[in-house]
Amino acid sequence: MTGNTGWLTALFARRRRLAVVLYAAAAFGAYFSAYLLRFDFQPPAAYLQLFAWTVWPFVAIRLGFFRLFRLTRERWRYTGATNIPRLVLASICGSVVFLVIFRFVLPLDPVVPISIVAMETVLVCWFTAGMWLSYRLGYERIRNHGHVNGHEKTRVLVVGAGEAGNLLVREMIRFPTGYRPIGIVDDDPTMWGATLHGIEVIGATRDIVPISNAMRAEELIIAVPSASPADLRRIVAKCEATGLPLKVLPGIAEVLAGDVRLNQVREVRIEDLLGREPVNLELPELTAEMSGATVLITGAAGSIGSELARQVALNSPRTLVLLDQAESDLFYLDLELRRAHPQLEIIAVIADIVDAAAMRAVFESHAPDRVFHAAAYKHVPLMECNSREAIRNNVIGTWRVAELAGQYGVAKFVLVSTDKAVRPANVMGATKRLAELIVLEMQARHPGTNYGAVRFGNVLGSNGSVIPIFRRQLKAGQPLTVTDRETTRYFMTIPEAVQLILQASLLPELRGHVAMLDMGDPVRILDLAENLLRLSGVTDYRGRIVFTGLRPGEKLHEELAAPDEETSQTAIEKIRIIRSVTGPVRVLPRLPLWERGLEGGDPKVMRQDLDAFFPGLPMRLQTIERLPMEVAVGD
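About the criteria used
Residues numbered from 1 in each chain as written. Predicted model: local features only at pLDDT ≥ 70, side-chain atom pairs only at ≥ 80, totals over all residues. Heavy atoms only, no water. Helix = DSSP H or I, 4+ residues; strand = E, 2+ residues; numbered from the N terminus. Buried < 20%, exposed > 50% of the residue type's maximum accessible area, 1.4 Å probe, protein only. Contact = heavy atoms within 4.5 Å. Areas by Shrake-Rupley, 256 points an atom, 1.4 Å probe, with all protein chains shown as cover. Patch = residues over 30% accessible without salt bridge, like charges linked within 9 Å, V, L, I, M, F, W, Y side chains within 5 Å. Salt bridge = Lys/Arg side-chain N within 4 Å of Asp/Glu carboxyl O. Core = buried A, V, L, I, M, F, W, Y, C linked by side-chain atoms within 4.5 Å.

Overview of the overall build of the chain
Alright, step 1. Counting secondary structure elements, the chain contains 21 helices and 24 strands.
Alright, step 2. When the 635 residues of the chain are sorted by exposure, 51% land in the buried category.
Alright, step 3. For the chain, contacts bridging at least 24 residues in sequence account for 77% of all contacts bridging at least 6.
Alright, step 4. In the form shown here, the chain has an accessible surface area of approximately 29000 Å², with 56% of it arising from carbon and sulfur atoms.

As structure tokens, this is what we get:
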């Protein structure tokens with residue numbers, strides 16, 4: 001502790017005694033000031049004597065009521081407007097009790113004028129509030145005067161003078177953080193010249209370079225959590241021109257709740273700059289749907305499956321059955337959920353969804369009420385070279401689980417699908433389309449079970465998705481690989497995707513249909529690569545992005561619905577139901593033949609059927625003849 005703050009430490013150790021002394025001084029001063037004001041600063045001798053007789057009882061009454069209303073226990077550096085009503089009420093009650101005692105119970109001559117007591121009540125409130133404010137300002141000035149723990153504070157320029165900026169500046173000033181706010185910039189000209197907690201709003205973001213230079217800023221923090229991705233991209237571009245470190249305060253929910261903390265400030269992420277507004281779907285009915293139910297999630301160790309498990313666990317199921325073949329990932333998910341939900345029965349099952357005996361044992365032992373089928377192979381180029389395993393896992397595995405769901409009376413079965421199932425141009429997309437058709441056809445075979453599928457685009461941050469690949473390449477010092485300048489994809493976050501699945505599962509229209517999310521405009525992969533480079537401090541992209549050409553089976557642009565499909569609105573704004581205009585496609589009668597073909601190494605029937613289902617699809621079906629491999633069930 002430095003010499004400048006040593007005296008503060010000594011006072012802090014005796015703060016409660018000192019507070020009582022100061023409250024007594026405020027009461028004494030207010031009472032004496034009231035006599036001076038009442039008699040134009042020339043009180044008669046009789047009233048001076050009256051003051052002397054009554055001042056100490058008055059102070060004692062004041063302190064008694066301050067203690068009763070717990071004002072003497074307040075930490076002055078945290079006091080604010082919420083403390084004023086208690087201060088006023090304590091003061092009024094003390095004044096009333098004093099008047100009752102000294103005008104009616106123990107009347108004096110002369111009596112204490114009511115005007116003096118009224119003025120004292122106002123003055124003691126002013127004096128006390130003034131002490132609180134003075135202490136708080138002095139404390140904050142001493143604790144935040146350019147140093148913390150002996151180190152120079154970082155000079156921060158805050159972008160955004162709204163509620164988030166206001167709360168963030170207050171946080172930096174009130175607490176001994178490593179940041180010192182030196183100015184605020186905002187694009188609202190009506191805010192220019194205003195101050196937030198003594199920090200001036202200097203100008204607009206377009207002038208942030210000269211402002212940061214003039215203010216000797218060392219870091220920028222963007223505090224505009226309500227900004228759209230397009231606005232945030234514009235602000236980030238302006239901030240990057242300063243060459244200073246840049247952070248962002250996310251979370252409009254925290255701002256609306258008045259809860260903004262410096263530990264929420266983080267680096268700007270590529271996800272923040274997506275050209276699509278995030279979707280937040282409330283699920284008020286989900287707890288009623290899941291409460292007391294047994295829920296089976298296949299592919300539970302994958303990106304989507306694990307998030308499904310987390311969100312389902314929050315809604316009070318009786319039992320959560322997590323099924324996957326990825327042993328280590330399932331082990332860690334099991335540990336995580338047991339820690340977070342000790343009251344929930346969690347059963348982790350290592351099994352292959354194609355294994356008929358293993359899957360039948362799961363349904364017999366645990367009798368699930370709900371099944372979320374997220375188990376699938378998903379990597380497009382890899383499945384082009386391993387079409388046998390793609391068909392075995394994504395098609396035969398889905399058939400196996402969906403059939404058992406109907407046989408064992410599962411109430412709802414929801415398939416996790418993909419936009420690559422629309423007019424598939426690759427093995428993976430074709431197998432996921434077949435999985436959709438299997439689930440839809442199951443509705444007629446098992447009418448007691450509600451079957452449906454949920455279709456969405458790419459998921460940010462999932463295993464093997466584009467952004468983790470880009471980040472790995474950046475870390476290794478390699479150029480970012482982009483297939484084509486014009487390649488676009490639909491994107492959503494993992495929590496959004498899972499919210500969609502859960503919300504769609506509640507829709508009565510999903511029965512026997514596919515649901516899809518209105519995902520807005522697609523995003524160019526090249527834009528993602530450039531944004532990620534820019535956030536990493538790279539301004540010259542030459543040599544940092546390499547175009548590799550489309551991979552086998554890869555589309556330039558993805559779709560969410562095929563030309564032979566029509567969509568209709570549901571009760572949920574962002575979710576639509578897809579219906580085929582060409583009628584149902586019968587897949588189920590062929591699947592036993594496919595299964596025998598896979599087991600016996602004779603894929604001729606399967607080739608013919610697949611050519612009929614997907615004419616012209618360049619599937620590399622020679623890999624069907626490969627020996628069976630272990631199936632890693634994932635997302």
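Topic: a nonpolar patch on the surface
Alright, step 1. On the surface, a nonpolar cluster with roughly 710 Å² of combined accessible area is contributed by I84, V88, I92, V96, V100, F104, V105 and L106.
Alright, step 2. Mapped onto the secondary structure, V105 falls in helix 4 (residues 84-105).
Alright, step 3. With relative accessibility at 55%, the residue V105 sits in the exposed group.

Concerning the nonpolar core
Alright, step 1. One finds L323, F363, F413, L434, I438, L591 and W594 to be the most contacted residues of the largest nonpolar core, which totals 46 residues.
Alright, step 2. Take this core: its biggest share by element is eight residues, from helix 15 (residues 387-407).
Alright, step 3. If we ignore the near neighbours within four places in the chain, the residues touching F363 are L296, P368, V371, V401, L404, A405, Y408 and V410.
Alright, step 4. Core analysis: the second largest hydrophobic core is formed by 41 residues, L320, V498, L506 and A515 among them.

Things to note about unusual backbone geometry
Alright, step 1. A positive phi is found at S316, a non-glycine position, where the angle reads about 60°.
Alright, step 2. Relative to the elements of secondary structure, S316 occurs in the loop between helix 11 (303-313) and strand 11 (319-324).
Alright, step 3. According to the relative accessible area criterion, S316 is partly exposed, its value standing at 42%.
Alright, step 4. Despite not being glycine, A367 has its phi angle at roughly 45°, a positive value.
Alright, step 5. Topologically, A367 is positioned in the loop between helix 13 (356-366) and strand 13 (370-373).
Alright, step 6. Taking the relative accessible area as the measure of exposure, A367 reaches 45% and is therefore partly exposed.

Such coordinate-based values are descriptive only and should not be taken to indicate function.
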